[in-house]
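The lines below spell out each chain.
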Amino acid sequence: MSLRNVKNSRSFYSITGRLTLLYTLSASVLLIGVTVFLYQGLASSLREEDKQFLVEKVHTIQILLQERGGKRIYSVEQEIQRGMLTEKIMPYYDYFSRILEPGGTVLIETSGMAGIIPATAFPMPATETEYSNLADNCFRWNTVDGQPYLLLTAQLINKTGQSQVVQVALDVSRENELLKDYQRQLAMILPLGILLSALFGALVARQGMQPLKNITLTVQRITANQLQERIDPTLWPRELQALAEAFNQMLGRLRSSFVQLTQFSADLAHELRTPINNLMGETEVTLARARSEVEYRDVLESSLEECSRLSFMIDSLL
């Protein structure tokens, strides 16, 4: 593309359009960034909440095992079987628990857990019982039909010193559905926000360009006979005051040039009128009656002098 074509293409640019585009792009980046941040924050919060829930269950079972010596007592079994009732008590959580002997024998487990999550699906047990360490050992696992679970395994020591393995699993399908609903809502809100940003950007850009339109209207009222008009810089924004002052200076130079040109035209007309009048006068007097050859010669010599004077003036002008 040639330089001329580039300049022609740039002439079609609209400052209002460019400001609107830049504002829309900035708002879009900001909206997308905030949207991603909010979504990641919600997802992270839900994940941490799920992990802490499993850690709490492990520690609850640990406390019960230490108090009761690891036997099949009613309090431990009640805690293990409580996962069956969570859908009625706490619809947000649906979890399973299992206690294994060192040899892998199931001591207690939530009813139906074996058919949903086998013991082999769990990761190796964590030996530390600190909250942060246990949360780091959480593991996501899906059943054959795609049901998502969060698994945690911990190795505990009961009151008698025996080692036992606790396996807890949390159904996280509700959290996944919540995140999907949130994604759908964001997918609807984000384009609407970008569209509104474009509309507001156009309004702001048009309002910001209004002073230029006012300057244009003022300039259109200035003609060759009204060069005394001036633009008051104090009425315009600070960014346009320099433009207004420069335009006023240009008007001053133009007015001065027009005055000089007018004076020059008057002086030129006066200078040209004198020799032309002389030529006309002498010619009229000569033609008034018959003259001798000497008189005609004198008139022609005088006319030649006036013509030489006119020629000199023209050469000076050129």
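Refer to the structure above for everything that follows.
Within every chain, residues take consecutive numbers counted from 1 along the sequence as written. Only residues with pLDDT of at least 70 get local features here, since the model is predicted, and only at 80 or more are side-chain atom pairs given and counted; chain-wide, interface and lining totals rely on the full set of residues. Heavy atoms from the whole structure form the basis of all side-chain values; hydrogens and water molecules are not counted.

## Some words on the environment of Glu282
For step 1, the next point in the chain: For helices the rule is a DSSP run of H or I covering at least 4 residues; for strands it is a run of E covering at least 2, with both sets numbered from the N terminus onward. Here Glu282 shows up in helix α8 (residues 238-287).
For step 2, the next point in the chain: Placed 17 residues apart in sequence, Glu282 and Val299 show a C-alpha to C-alpha distance of 6.8 Å.
For step 3, the next point in the chain: Here Glu282 is in contact with Val299, Ser302 and Ser303, once residues within four sequence places are set aside. Any two residues whose heavy atoms approach within 4.5 Å are treated as being in contact.

## Quick notes on the packing of aromatic side chains
For step 1, the next point in the chain: We call Phe, Tyr and Trp rings a pair once their centres come within 6.5 Å, taking the six-membered ring for Trp, and we label the pair stacked below 30 degrees between planes, edge-to-face above 60, and tilted otherwise. All told, the structure shown has 4 aromatic pairs when counted by the stated rule.
For step 2, the next point in the chain: Each ring, one from Phe53 and one from Tyr95, has its centre 5.2 Å from the other, and the planes form 75°; the classification is edge-to-face. Of this pair, Phe53 sits in helix α2 (residues 15-68) while Tyr95 is found in strand β1 (residues 95-100), placing the two residues 42 residues apart along the sequence. For the pair formed by Phe53 and Tyr95, the shared burial category is buried.
For step 3, the next point in the chain: Relative to Tyr149, the ring of Phe96 lies with its centre 6.2 Å away and its plane at 55°, an arrangement referred to as tilted. On the criterion of sequence distance, the pair formed by Phe96 in strand β1 and Tyr149 in strand β4 (residues 148-157) is long-range, its members being 53 residues apart.
For step 4, the next point in the chain: Overall, Tyr149 belongs to the buried group, its relative accessible area being 6%.
For step 5, the next point in the chain: Members of the aromatic cluster, joined through ring pairs, are Phe96, Trp141 and Tyr149. Buried residues are those whose accessible area, probed at 1.4 Å on protein chains only, stays under 20% of the maximum for their type, while exposed residues exceed 50% and partly exposed ones sit between those limits.

## Structural notes on the sheet that holds β1
For step 1, the next point in the chain: If you trace the 5 strands from one edge of the open sheet to the other, you get β2-β1-β5-β4-β3, paired in antiparallel fashion. With partners counted over all chains shown, the strands left at the sheet margins are β2 (106-109) and β3 (139-142), one partner each. Across the sheet, the mean angle from the axis of one strand to that of its neighbour is 25°, orientation sign disregarded.
For step 2, the next point in the chain: Each pair of strands is called paired provided DSSP finds at least two bridges between the two strands. Where β1 meets β2, 3 bridges bridge the pair, whose relative direction is antiparallel. Orientation is described by lines fitted to C-alpha atoms, with helices fitted over the stretch in contact, and by angles between N-to-C directions that extend from 0 to 180 degrees.

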